[in-house]
Amino acid sequence: MAQTIVQDSTTIRFGSGKLEVGDAVGGLVNLGAMRAVKFTEEFDKISIMSDNAGEIYAGIRNHKAIVEGELMEINLTNLNNIRGGIDTYATVVGDAVTGHSEVIAVGWKYDKFIELPHQNATLAKPTITSVTGSTNDALVANTDYFIVQDAGTSMWGIVVIDSNTVTTENQTLTIVYNYTPAAAKTLTTGGKLTISPKVVRITNTDANGKIFRITVYKATNAQGITLELVADDSEDPNVIPIKLEGVLDVSRNAGDQLFEIYDTQNV
């Protein structure tokens, strides 16, 4: 027999979350596909006991927040970001590609970022020689479209505006550009001893587009790289566990120094 009924169905949460890490909230990078993402708050309780009146004080110390999970996308750029400056990350530049033609299918939108599939190894601004609409023909740079860099990923692309020239979104766009890709990425380590703090954020989005989000203000990498290679016939990918440990950011006001839980699902 049921002992109660659901008090508020909007507080029952479902689904996974997106994990992001960056130097600041405005520069968070999505770590992509992951498993076993977990948030844990930890502290040591302090109790002062009297001989005749029981506990007269209760408090905490060593207040921490732990975010951990398993990276399924083993991206050296993201590993370098997570590890907070104890490594040296570099790219080996490949051969230049000139006049690459990329067709953007119908479905793009005005004022929305269109990422270029190919980037310079150095993430320098690409050279776009032309953007052509299947209906409107040649588009004019800085009038019909603008070359922009995404703040979260540092990737380059274009934003097309609803100008006098661009009359419809119901057309393909052909972007011709030059780029010099990376031939390899390298991550070397050893000798750098200071770990820089990161902002860490977990976001769960429900079917209505509402979010349940946890942001840890000041977290540092707390675990070295472990890569256990699976069997060749395994259906599971190789993963790298990560662990970031948040501590108090004393530059913030007391009561708001460790993490924030932000919820639009239960409003």
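The sections below set out a description of the structure shown in this document. (Residues numbered from 1 in each chain as written. Predicted model: local features only at pLDDT ≥ 70, side-chain atom pairs only at ≥ 80, totals over all residues. Heavy atoms only, no water.)

1. Thoughts on the environment of Gly246
Then comes step 1: By the element assignment, Gly246 lies in strand β16 (residues 240-246).
Then comes step 2: Taking the C-alpha atoms as reference points, Gly246 and Pro197, separated by 49 residues in sequence, lie 8.5 Å from one another.
Then comes step 3: When sequence neighbours within four positions are dropped, the list of residues in contact with Gly246 reads His63, Lys64, Ala65, Val216, Lys218, Ala219 and Leu258. (Helix = DSSP H or I, 4+ residues; strand = E, 2+ residues; numbered from the N terminus. Contact = heavy atoms within 4.5 Å.)

2. With respect to a nonpolar patch on the surface
Then comes step 1: Taken together, the side chains of Ile74, Ile225, Leu227 and Leu229 present a nonpolar region at the surface, about 370 Å² in accessible area.
Then comes step 2: The residue Ile74 is located in the loop between β4 (55-71) and α1 (76-82) in this model.
Then comes step 3: A residue is classified by how much of its surface remains accessible, and Ile74, at 39% relative accessible area, is partly exposed. (Patch = residues over 30% accessible without salt bridge, like charges linked within 9 Å, V, L, I, M, F, W, Y side chains within 5 Å. Areas by Shrake-Rupley, 256 points an atom, 1.4 Å probe, with all protein chains shown as cover. Salt bridge = Lys/Arg side-chain N within 4 Å of Asp/Glu carboxyl O. Buried < 20%, exposed > 50% of the residue type's maximum accessible area, 1.4 Å probe, protein only.)

3. As for unusual backbone geometry
Then comes step 1: Phi is positive for Ala36, which is not a glycine, with a value near 55 degrees.
Then comes step 2: One can find Ala36 in strand β3 (residues 34-49).
Then comes step 3: In this model, Asn62 sits at a positive phi of 55 degrees, which is unusual for a non-glycine residue.
Then comes step 4: Secondary-structure assignment places Asn62 in strand β4.

4. Quick look at the side chain of Arg83
Then comes step 1: One can find Arg83 in the loop between α1 and β5 (87-93).
Then comes step 2: Given a relative accessible area of 7%, Arg83 falls into the buried group.
Then comes step 3: At 2.5 Å, the side chain of Arg83 and the side chain of Asp87 are in polar contact. (Polar contact = N/O pair within 3.5 Å; in protein donor to acceptor, adjacent residues only side chain to side chain.)

5. Some details on the sheet that holds strand β12 (residues 173-179)
Then comes step 1: Read across the open sheet, the four strands follow the order β6-β12-β8-β9; overall the sheet is antiparallel. Two strands lie at the open edges of the sheet, namely β6 (97-104) and β9 (137-139), each paired on one side alone. Adjacent strand axes in the sheet meet at a mean angle of 25 degrees, parallel and antiparallel pairs treated alike.
Then comes step 2: In this structure, strand β8 (residues 127-133) lies alongside β9, joined through three bridges in antiparallel fashion. Counterpart to Gly133 in the pairing with β9 is Asp137. (Pairing = 2+ DSSP bridges. Axes fitted to C-alpha atoms, helices over the stretch in contact; angles between N-to-C directions.)

6. Remarks on the environment of Thr180
Then comes step 1: Counting through the fold element by element, Thr180 comes out in the loop between β12 and β13 (182-189).
Then comes step 2: Put simply, Thr180 and Thr226 are 46 residues apart on the chain and 32 Å apart in space, counted from C-alpha to C-alpha.
Then comes step 3: Among residues more than four places away in sequence, those in contact with Thr180 are Val93, Gly94, Asp95, Ala96, Gln119, Asn120 and Ala121.

7. Some points on the packing of aromatic side chains
Then comes step 1: Inspection of the entire model under this criterion finds three aromatic pairs.
Then comes step 2: When the centroid spacing of 5.1 Å and the interplanar angle of 80 degrees are considered together, the rings of Phe39 and Phe259 count as edge-to-face. Here Phe39 is found in strand β3, whereas its partner Phe259 is found in strand β17 (residues 259-263), with 220 residues between them in sequence.
Then comes step 3: Look at Trp108 and Tyr110: their rings are 5.7 Å apart centre to centre, the planes differ by 80 degrees, and that puts the pair in the edge-to-face class. The exposure classification of Trp108 matches that of Tyr110, with both residues buried.
Then comes step 4: Geometry around Tyr262 places Arg213 over its ring, the cationic atom sitting 4.3 Å from the centre.
Then comes step 5: The lysine or arginine in question, Arg252, covers the ring of Tyr217, its NZ or CZ lying 3.6 Å from the ring centre. (Phe/Tyr/Trp six-rings, centres within 6.5 Å; stacked < 30°, edge-to-face > 60°. Lys NZ or Arg CZ within 6 Å of the ring centre and 35° of its normal.)

So yeah, pure geometry; function would need other evidence.
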